[in-house]
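As a plain string of letters, each chain reads:
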Amino acid sequence: MSGVGKTTFASTFPAPFFLDCEKGADWVANKDAYVCETTNFKALQEAMEMLQTNPPQDIKTVVLDSVTQVYEFTKDWWVERKRLLKKSDYAMISMEDYPHIKSRYGQILRDLIDLPYHIVLVGQSKSKWITAIENGSTQILGTELVADVQEKTVYYPEVSMELVLRNGKRFGIIGKKSDNDMFHKDRTRTLPNEIEEPDFKKLASCINAGVKVAPKKEISEIPQAEPNIVNDHGKWEIGVKAPI
């Protein structure tokens, strides 16, 4: 869902550096924000190397917009690599390729999270059928919006928040919608189920207050990584690392 305010939300984080994979963050470029267009896998790699070795001195946040597009970049990179190895323009992705693609994608996210900044990951949304089995057949009950991200992306956030518009106002939904909800989460256990007009200061205020709420059911920890992150959805955001 476009127009829900994910870039506006991300821009409230201190001194942001946008890795813009979708050419949608130009308007935020100003003296307090950097925008780097990363429209393919190679450009993203080069931007990551710069952030690891010679970053701008005044940045405090890195925004990746979007993880949905980065996964597509990674698949495109693998196909190009496969065609070069096979010396064929017709090589395509097979099922046996996906573990390699997912591994490389995961490494990108781990490298990002290892940076000494707040990290905001943005993901797109998609419609999903709601179904039920009745009399031995599958019945379609409707649709719902879910995060359009590679499935293991949901292991990374400390906080995953869906942005929705309601009566002209933006709300950040954090509380789980059901026991099977893997996307909405708050490992800090300090945030309410929803926040009206969410921004960095409101999140930081709740987290710094340190008032623990009832534990929410959470998915298992990601292997070989202990990230701290925040998330926005409609497009989803996933991402705050480094102390607030």
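These lines cover the structure that appears in this document, whether it is placed above or below. (Residues numbered from 1 in each chain as written. Predicted model: local features only at pLDDT ≥ 70, side-chain atom pairs only at ≥ 80, totals over all residues. Heavy atoms only, no water.)

**Looking at the pairing of strand S7 (residues 169-173)**
Summarising burial for S7: 4 of the 5 residues are buried, a large majority. Relative to S7, strand S6 (residues 159-166) is paired through 5 bridges, and the arrangement is antiparallel. Within S7, the position partnered with Leu165 by the bridge is Arg170. Here S6 hands over to S7 after 2 residues, with Asn167 in that stretch at a positive phi of 55 degrees. (Buried < 20%, exposed > 50% of the residue type's maximum accessible area, 1.4 Å probe, protein only. Helix = DSSP H or I, 4+ residues; strand = E, 2+ residues; numbered from the N terminus. Pairing = 2+ DSSP bridges.)

**Points about the packing of aromatic side chains**
Scanning all chains against the criterion turns up 6 aromatic pairs. Between the aromatic rings of Tyr71 and Tyr105, the centroid separation amounts to 5.1 Å while the plane-to-plane angle is 70 degrees, which identifies the pairing as edge-to-face. With Tyr71 in helix H3 (residues 67-86) and Tyr105 in helix H4 (residues 98-113), this residue pair connects regions lying 34 residues apart in the sequence. The pair Tyr71 / Tyr105 is uniform in exposure class, with both members buried. (Phe/Tyr/Trp six-rings, centres within 6.5 Å; stacked < 30°, edge-to-face > 60°.)

**Concerning the packing of H3 against H4**
Two numbers describe how H3 lies on H4: the axes approach to 9 Å, and their chain directions differ by 130 degrees. By the angle between their axes, H3 is oblique relative to H4. Like other packed secondary-structure pairs, H3 and H4 cross with a definite hand, here right-handed. Contact residues: Val67, Val70, Tyr71, Thr74, Lys75, Trp77 and Trp78 in H3; Tyr98, His100, Ile101, Lys102, Arg104, Tyr105, Ile108 and Leu109 in H4. Here the residues of the contact of H3 with H4 are counted per class, giving 10 nonpolar, 2 polar and 3 charged. (Axes fitted to C-alpha atoms, helices over the stretch in contact; angles between N-to-C directions. Parallel < 35°, antiparallel > 145°, perpendicular 65-115°, else oblique. Left-handed = near helix turned anticlockwise from the far one by under 90°. Contact = heavy atoms within 4.5 Å. Nonpolar A, V, L, I, M, F, W, Y, C, P; charged D, E, K, R; others polar.)

**Some words on H3**
The end-to-end C-alpha separation of H3 is 29 Å, in line with the 28 Å expected for 20 residues at 1.5 Å each. Those residues of H3 not exposed but buried are Val67, Thr68, Val70, Tyr71, Phe73, Thr74, Lys75, Trp78, Val79 and Lys82. Immediately beyond the C-terminal end of H3, within one or two residues, lies Lys87, with a positive phi of roughly 55 degrees. (Expected span 1.5 Å × (residues − 1).)

**Focus: the packing of helix H2 (residues 41-53) against H4**
Close contact between H2 and H4 brings their axes to 11 Å; oriented N to C, the two are set at 30 degrees. Our classification of the angle between H2 and H4 gives roughly parallel. As H2 runs across H4, the sense of the crossing is left-handed. On H4, the residues that touch Phe41, Leu44, Gln45, Met48 and Gln52 of H2 are Arg104, Ile108, Asp111 and Leu112.

**Topic: H4**
For H4, spanning 16 residues, the distance from its first C-alpha to its last is 22 Å, which sits close to the expected 22 Å at 1.5 Å a residue. The set of residues buried in H4 consists of Ile101, Tyr105, Gly106, Ile108, Leu109, Arg110, Leu112 and Ile113.

**Points about unusual backbone geometry**
Cis rather than trans, the peptide bond between Asp65 and Ser66 has omega equal to 10 degrees. Within the element layout of this structure, Ser66 appears in the loop between strand S3 (61-65) and H3. Unusually for a residue other than glycine, Arg189 sits at a positive phi of about 55 degrees. On the secondary structure map, Arg189 appears in the loop between strand S8 (185-186) and strand S9 (194-196).

**Re the pattern of salt bridges**
Scanning the model with the defined rule gives 8 salt bridges in all. The shortest N-O distance in the salt bridge between Lys6 and Asp65 comes to 2.0 Å. Of this pair, Lys6 sits in helix H1 (residues 6-10) while Asp65 sits in strand S3, placing them 59 residues apart in sequence. The exposure class assigned to Lys6 is buried, which follows from its relative accessible area of 10%. (Salt bridge = Lys/Arg side-chain N within 4 Å of Asp/Glu carboxyl O.)

**So, the nonpolar core**
Residues Leu19, Val62, Leu64, Leu112 and Leu115 are the most contacted members of the largest nonpolar core, which totals 29 residues. Of all elements in the fold, only strand S1 (16-20), H2, S3, H3, H4 and strand S4 (118-134) reach the threshold of two or more residues within this core. Here the element with the most residues in this core is H4; it accounts for 6 residues. Look past the residues within four positions of Leu112 in its chain and what remains in contact with it is Leu19, Met48, Val62, Leu64, Ile119 and Leu121. Phe13, Ala25, Leu191 and Phe200 belong to the second-largest nonpolar core, a separate cluster that totals 19 residues. (Core = buried A, V, L, I, M, F, W, Y, C linked by side-chain atoms within 4.5 Å.)

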